[in-house]
Amino acid sequence: MITGRFAPSPTGPLHMGSLVTALASYCSIKQAGGEWLVRIDDLDPPRQDPNAVNAIIRCLTAHGLHPDRPIIFQSDHAAAYESALQKLAPHLFYCNCTRKQLRAHDRYPGTCRAAKSPLPDRAVRVLMSDTEHGYGDGFLGPVDGNFAAQLGDFIVKRRDGLISYNLATAVDDGNTISEVLRGQDLLPVTAPQRYLMHLLGLTTPNYAHIPCLEFADGTKLSKQTHAPPLNDAIALSNLRAALSYLGFHAPQAADSVDTLLFWAVEHFDLSKVPSQLPKYRPSAPAF
Ligand code: GLU
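An account of the accompanying structure is given in this report. Keep in mind that this is a model prediction, so the values were computed, not measured. (Residues numbered from 1 in each chain as written. Predicted model: local features only at pLDDT ≥ 70, side-chain atom pairs only at ≥ 80, totals over all residues. Heavy atoms only, no water.)

Some words on the site of the ligand
Basically, it comes down to this: Throughout, the term near means that a residue has one or more heavy atoms lying within 4 Å of the molecule or strand in question. Polar contacts, as used here, are pairs of N or O atoms within 3.5 Å; protein pairs need one atom able to donate a hydrogen and one able to accept it. Residues neighboring in sequence count only if both atoms are side-chain atoms. Charged means Asp, Glu, Lys or Arg here, nonpolar means Ala, Val, Leu, Ile, Met, Phe, Trp, Tyr, Cys or Pro, and polar covers whatever is left, Gly included.
By nearness alone, every residue bordering the ligand is listed as Arg-5, Ala-7, Pro-8, Ser-9, Asp-41, Tyr-165, Arg-182 and Leu-186. Tyr-165 places a side-chain nitrogen or oxygen 2.7 Å from an oxygen atom of the ligand. Interatomic distance of 2.7 Å between a side-chain N/O atom of Arg-182 and an oxygen atom of the ligand. Residues that form the shell around the ligand fall into these classes: four nonpolar, one polar and three charged.

Overview of the pairing of strand 1 (residues 3–6)
Put simply, the rule reads: Note on classification: 1.4 Å probe, protein chains only; a residue is buried when its accessible area is under 20% of the maximum for its type, exposed when over 50%, partly exposed between these limits. Secondary structure counts use DSSP, requiring at least four H or I residues in a row for a helix and at least two E residues in a row for a strand, with both numbered from the N terminus. Pairs of strands are assigned from DSSP output, requiring at least two bridges between the strands. With strands facing away from the observer, any crossover in which the path from the first strand over the helix to the second runs clockwise is taken as right-handed.
Alternating positions in strand 1 separate into two faces, Thr-3 and Arg-5 on one and Gly-4 and Phe-6 on the other, with burial throughout. Bridging between strand 1 and strand 2 (residues 35–40) involves four bridges; their strand directions are parallel. Paired with Gly-4 across the bridge in strand 2 is Trp-36. Crossover connection from strand 1 via helix 1 (residues 16–31) to parallel strand 2: handedness right-handed.

Quick word on the state of the cysteines
To keep things clear, this is the line we draw: Put simply, a disulfide is two cysteine sulfurs that come within 2.5 Å.
Applying the stated criterion to the full structure yields zero disulfides. Cys-59 provides the cysteine sulfur closest to Cys-27, a residue in no disulfide bond, and the two sulfurs are 15 Å apart. Of the residues examined, Cys-27 reaches a relative accessible area of 0% and is grouped as buried. We note that Cys-95 lacks a disulfide partner, and the nearest cysteine sulfur, in Cys-97, lies 3.7 Å from it.

Describing the packing of aromatic side chains
The condition is simple: Any two of the Phe, Tyr and Trp rings considered here, Trp counted by its six-membered ring, make a pair once their centres fall within 6.5 Å; the pair's planes then place it as stacked at under 30 degrees, edge-to-face at over 60, or tilted in between. Two conditions define a charge sitting above a ring: the NZ of Lys or the CZ of Arg must be within 6 Å of the ring centre, and it must be within 35 degrees of the ring normal.
Scanning the entire structure with this criterion turns up six aromatic pairs. Summarising the aromatic geometry, the rings of Phe-215 and Tyr-280 are spaced 5.7 Å apart at their centres and angled 75° between planes, so their arrangement reads as edge-to-face. Here Phe-215, found in the loop between strand 10 (206–210) and helix 8 (235–245), pairs with Tyr-280, found in the segment after helix 9 (257–267); they are 65 residues apart in sequence, far enough to count as distant. Given a relative accessible area of 9%, Tyr-280 falls into the buried group. Their ring planes at 45° and their centres at 6.4 Å tell us that Tyr-245 and Tyr-280 sit as a pair that is tilted. Remark: Tyr-280 occurs in the segment after helix 9 and Tyr-245 occurs in helix 8; sequence separation between them is 35 residues. Each member of the aromatic cluster is reached from another via a ring pair, and the members are Phe-215, Tyr-245 and Tyr-280. Above the ring of Tyr-108, the side-chain terminus of Arg-125 is found at 3.9 Å from the ring centroid.

Looking at the nonpolar core
Side chains of a nonpolar character, in soluble globular proteins, are inclined to be buried together. Rules: Within this scheme, the nonpolar core is defined by two criteria: the residues are buried Ala, Val, Leu, Ile, Met, Phe, Trp, Tyr or Cys, and they are joined through side-chain atoms within 4.5 Å. Only heavy atoms enter the contact rule, under which two residues are in contact if any of them lie within 4.5 Å.
With 49 residues, the main nonpolar core has Met-16, Leu-23, Leu-65 and Leu-246 as its most contacted residues. Among the secondary structure elements, those contributing two or more residues to this core are helix 1, strand 2, helix 2 (52–62), strand 10, helix 8 and helix 9. Per element, the largest residue contribution to this core is nine residues, and it comes from helix 1. Not counting residues within four places of it along the chain, the set of residues in contact with Leu-65 comprises Leu-19, Ala-22, Leu-23, Tyr-26, Trp-36, Leu-60 and Leu-261.

Focus: helix 6 (residues 165–173)
For helix 6, the tally of buried residues reaches eight of nine residues, placing the bulk of the element in the interior. Buried within helix 6 are the following residues: Asn-166, Leu-167, Ala-168, Thr-169, Ala-170, Val-171, Asp-172 and Asp-173. Where helix 6 is buried, its residues meet strand 1, strand 2, helix 3 (78–88), strand 8 (154–157), strand 9 (179–183) and helix 7 (187–200).

Things to note about the side chain of Asn-166
Counting through the fold element by element, Asn-166 comes out in helix 6. A relative accessible area of 11% places Asn-166 in the buried class. Other than its neighbours up to four places away in sequence, Asn-166 contacts Phe-154, Val-189, Pro-192, Gln-193 and Leu-196.

Details of the sheet that holds strand 5 (residues 123–126)
The condition is simple: Axis angles are defined between N-to-C directions and span 0 to 180 degrees, where every axis is a line fitted to C-alpha atoms and, for a helix, only to the segment in contact.
Read from one edge to the other, the open sheet built from three strands follows the order 4-5-8, with strand pairing classed as antiparallel. One side of each edge strand has no neighbouring strand; the edge strands of this open sheet are strand 4 (92–95) and strand 8. Within the sheet, the average angular offset between the axes of one strand and its neighbour, ignoring direction, is 45°. One ladder, built from four bridges, connects strand 4 with strand 5; its direction is antiparallel. Directly across from Leu-92, in strand 5, lies its bridge partner Val-126. Together, strand 5 and strand 8 form the strand contacts of helix 7, whose direction differs from that of strand 8 by roughly 55°.

Structure, rendered in structure tokens:
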């Protein structure tokens, strides 16, 4: 079964950049007759906005992007993450380094590698092997594994007890999701996530990393860069705009959310998405 997902973190409302990624993932999965899922990556309460989950769900609904199964919440999977940590035990160590100590290094210097027995109040890291972590990306082509080397031993459980995004995502994507289509901002986490799936004996999905939507000055649209939230009341023109950033121009006759999505699913072609998207224009008239 072909299965894809859109996995927003509930740190704020969705913006045009989120819609571009969600739409590309939705279209490619639906075109292949697969199931498209929505997963809320809600494992970092300090960074989360309590209103964001509802706003995200309302927004996806307004834009016709209905998941094929009930929405998944990572916060419901604590037991699965703990059991993954147990399986990973031979590869883990317990790190006491402070941020300050690590600041001078561009990757983790291996300081605590010898601390193999669980110790309280320490971050849990995975020993990153030097083996090759390259893979074939559905959008970028061959990607080498240097990202892993750049990252070094990475954290799977934080000192404050929170499970890392990489571990949670490896557990949730492995075996379950066959196609991960997401933004190129997440390219650096693909090697660690694939490595964790490998250690856990899980099947890795196919990956495609599409360009992120950027402001005119080249910064990526995100909550931190104050990307304006999508206005659900103009869902049709938002969808038209998102499609157009991806390089597809729907006919005016597709004049409802459903007819536009129908057209989009039929015409989407990942190989035609440009390697750089046109820059975001906040006040652009409807495409
Ligand atoms: N939750 C992550 C984010 O919003 C993305 C997860 C993913 O697609 O792997 O950046």
